[in-house]
Amino acid sequence: MKRTEIKTLLQDVEVGTKVNVKAWVRTKRGSKNVAFVALNDGSTIHNVQVVVDRDKFDDSILSKITTGASVSIDGEVVASQGSGQKIEVIANDIIVLGESDPEKYPLQPKKHSLEFLREIAHLRFRSNTFGAITRIRHSMIFAVHKFFTEEGFYNIHTPIITGSDAEGAGEMFRVSTFEPGNPPRTEDGKIDWKQDFFARETNLSVSGQLEVETACMAMGKVYTFGPTFRAENSNTTRHLSEFWMIEPEVAFADLEEDMDLAERFIKYLLQYALDHNQDDLEFLSKRLQEAEKGKKESERSMELIEKLKFVLDDSFERITYTEAFNILRNSKPNKKKKFQYLIENWGADLQSEHERYLVEKHFKKPVILTDYPADIKAFYMKQNEDGKTVRAMDVLFPQIGEIIGGSQREEDLEKLTQRMKAMDIPENEMWWYLDTRRFGTAVHSGFGLGFERLMLFVTGMGNIRDVIPFPRTPQNAEF
Ligand code: 4AD
Ligand code: MG
């Protein structure tokens, strides 16, 4: 018999139909005469309940139906007696495809902590929480491509191995085929990178922006969506060493248009989740509410679905860094020295405690900060007339802080190279990037959305390690 997936079974199959279900056992419970087996196959958060008449089956089969085992069950769809679901399946034939020793199987049919699930990342797809996150993650990936396709963008695969440091922060993973202990050396004893695989120093990319800018200067509207690597030693709930980033770049667009695009994009993704992932969002919402039961009313977060709708309903606040700086300097936590990093001198980088104060306490909605001090931003940003600030924009979200970083780009060759000199960025290695300014330069803008930061917001999860299948963080690359 042809297999029916559980999502289809629960939605579309009529009572009386004979079906085959192949899935993994979540739980088995029951009485002397019947066993109730809950099955899940990943197609939906919901399990299908299979009713097994103990008289009809050998004990040798029944005893192998344990949590984690894979089974193939033929049966008949009947109206459910219980309250949970409309239908259930009465088993006629059961094959245990793969046994699972209940003594050794790490996932018991009970609540496990997220920390524990991280230690068994290869099995956590089988938990309700991670199943829901995985389905939403897929949905968001699809929505990203759908949004840009509808807006007339082209997807560009930018390289993962690169010779340039796009962000100029120097936090890169080296790519080399040299023997670590014995690299070839030049006469003066330095490592001779000319003899390495690519005949130059190469690293994993921290951003596809520089390459995507070159495509933008011909194709008009482009985006890259790829893995991004940063070797910064940040052990926080919002940083990964390997994450996914979406970077659009638009020709003839200034910072205003860039911000409009960013806002439209995020809202599109949130609306898509609300429209297509309702069951999973409801599950995650309940999970979150349960997890926060012990907390005081004032410390609890907004209900998940309400929170997503809340962001959709209102436009993001747009203010300059300088305005934000003044708000923060005069804020209560700054005056009472509650911030870990006090706001004193103009020009200081904002920490996530400051970003969250602006979003969660002051404006109570997403905020886009613009016109940052040039010294804390990358070399490629458009310089303002004031000689101090650049046309940067960061989109700040509740709980997360920075979710998007972007800017209008410096299209003037001279100003750009001056800035590069000042920041010690080797011009000769960037000749191809500078060619975009030499030949038909134009105003253009873009940004980067951290995909896992978006996932944190959509799922309401608190730790970025729980929204990517196999997180890479300092000291951690198991699996
Ligand atoms: O602000 P960032 O560093 O900007 C860029 O890389 C630009 N080249 C983007 C552009 O203009 N095309 O990074 C962009 C976003 C951040 O706002 C954040 O959401 C995410 O990437 N991000 C991280 N996400 C997870 N772990 C990390 N270590 C991250 N670092 C940045
Ligand atoms: Mg940034």
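Residues numbered from 1 in each chain as written. Chains lettered and ligands numbered in written order. Predicted model: local features only at pLDDT ≥ 70, side-chain atom pairs only at ≥ 80, totals over all residues. Heavy atoms only, no water.

> An account of the domain arrangement of the protein is requested, with residue identities and associated values reported.
Domain assignment breaks the protein into domain 1 (6-109) and domain 2 (126-171 + 206-466). On a C-alpha basis, the centroid separation for the pair domain 1 and domain 2 is 44 Å. Listed as interface residues are 10 residues of domain 1 and, on the opposing side, eight residues of domain 2. For the pair domain 1 and domain 2, the summed buried surface comes to about 740 Å²; carbon and sulfur atoms form 46% of the total. Area buried by domain 1 at its contact with domain 2 is led by Arg 26, Ile 45 and Leu 107, which between them contribute 62% of it. Across the contact surface, domain 1 and domain 2 share zero salt bridges. At the boundary of domain 1 with domain 2, the tally comes to six residue pairs in polar contact (both at pLDDT 80 or more). Classifying every residue of the side of domain 1 that touches domain 2 by side-chain character gives four nonpolar, five polar and one charged. (Domains from an automatic or database assignment. Contact = heavy atoms within 4.5 Å. Buried area = accessible area lost by both parts, 1.4 Å probe. Salt bridge = Lys/Arg side-chain N within 4 Å of Asp/Glu carboxyl O. Polar contact = N/O pair within 3.5 Å; in protein donor to acceptor, adjacent residues only side chain to side chain. Nonpolar A, V, L, I, M, F, W, Y, C, P; charged D, E, K, R; others polar.)

> Please provide a residue-by-residue account of the site of ligand 1, values included.
With respect to spatial proximity, 24 residues lie near ligand 1, and among them Glu 167, Gln 209, Arg 230, Glu 247 and Glu 402 are the closest. Contact distances for ligand 1 include 3.0 Å between a nitrogen atom and a side-chain N or O atom of Ser 207. Separating an oxygen atom of ligand 1 from a side-chain N or O atom of Arg 230 is a distance of 2.8 Å. Counting residues per element, the ones that place at least two in the shell around ligand 1 are strand 11 (242-251), strand 15 (401-408) and strand 16 (444-450). (Near = heavy atom within 4 Å. Helix = DSSP H or I, 4+ residues; strand = E, 2+ residues; numbered from the N terminus.)

> Report on the side chain of Ser 80, specifying residues and quantitative values.
Topologically, Ser 80 is positioned in the loop between strand 4 (70-79) and strand 5 (87-98). Here Glu 88 takes part through its side chain, which lies 3.2 Å from a polar atom of the side chain of Ser 80. Those residues in contact with Ser 80 that sit more than four places away from it in its chain are Gln 85, Lys 86, Ile 87 and Glu 88.

> How would you sum up the sheet that holds strand 7 (residues 161-162)? Please name residues and give values.
Taking strand neighbours across the sheet as the criterion, the three strands line up as 7-9-8 in an open arrangement whose pairing is antiparallel. Across the chains shown, the open sheet's two edge strands, defined by having one partner strand only, are strand 7 and strand 8 (174-175). Pairing analysis gives two bridges linking strand 8 to strand 9 (residues 202-204), with the strands arranged antiparallel. Each bridged residue has a counterpart across the sheet, and for Arg 174 the counterpart in strand 9 is Asn 203. (Pairing = 2+ DSSP bridges.)

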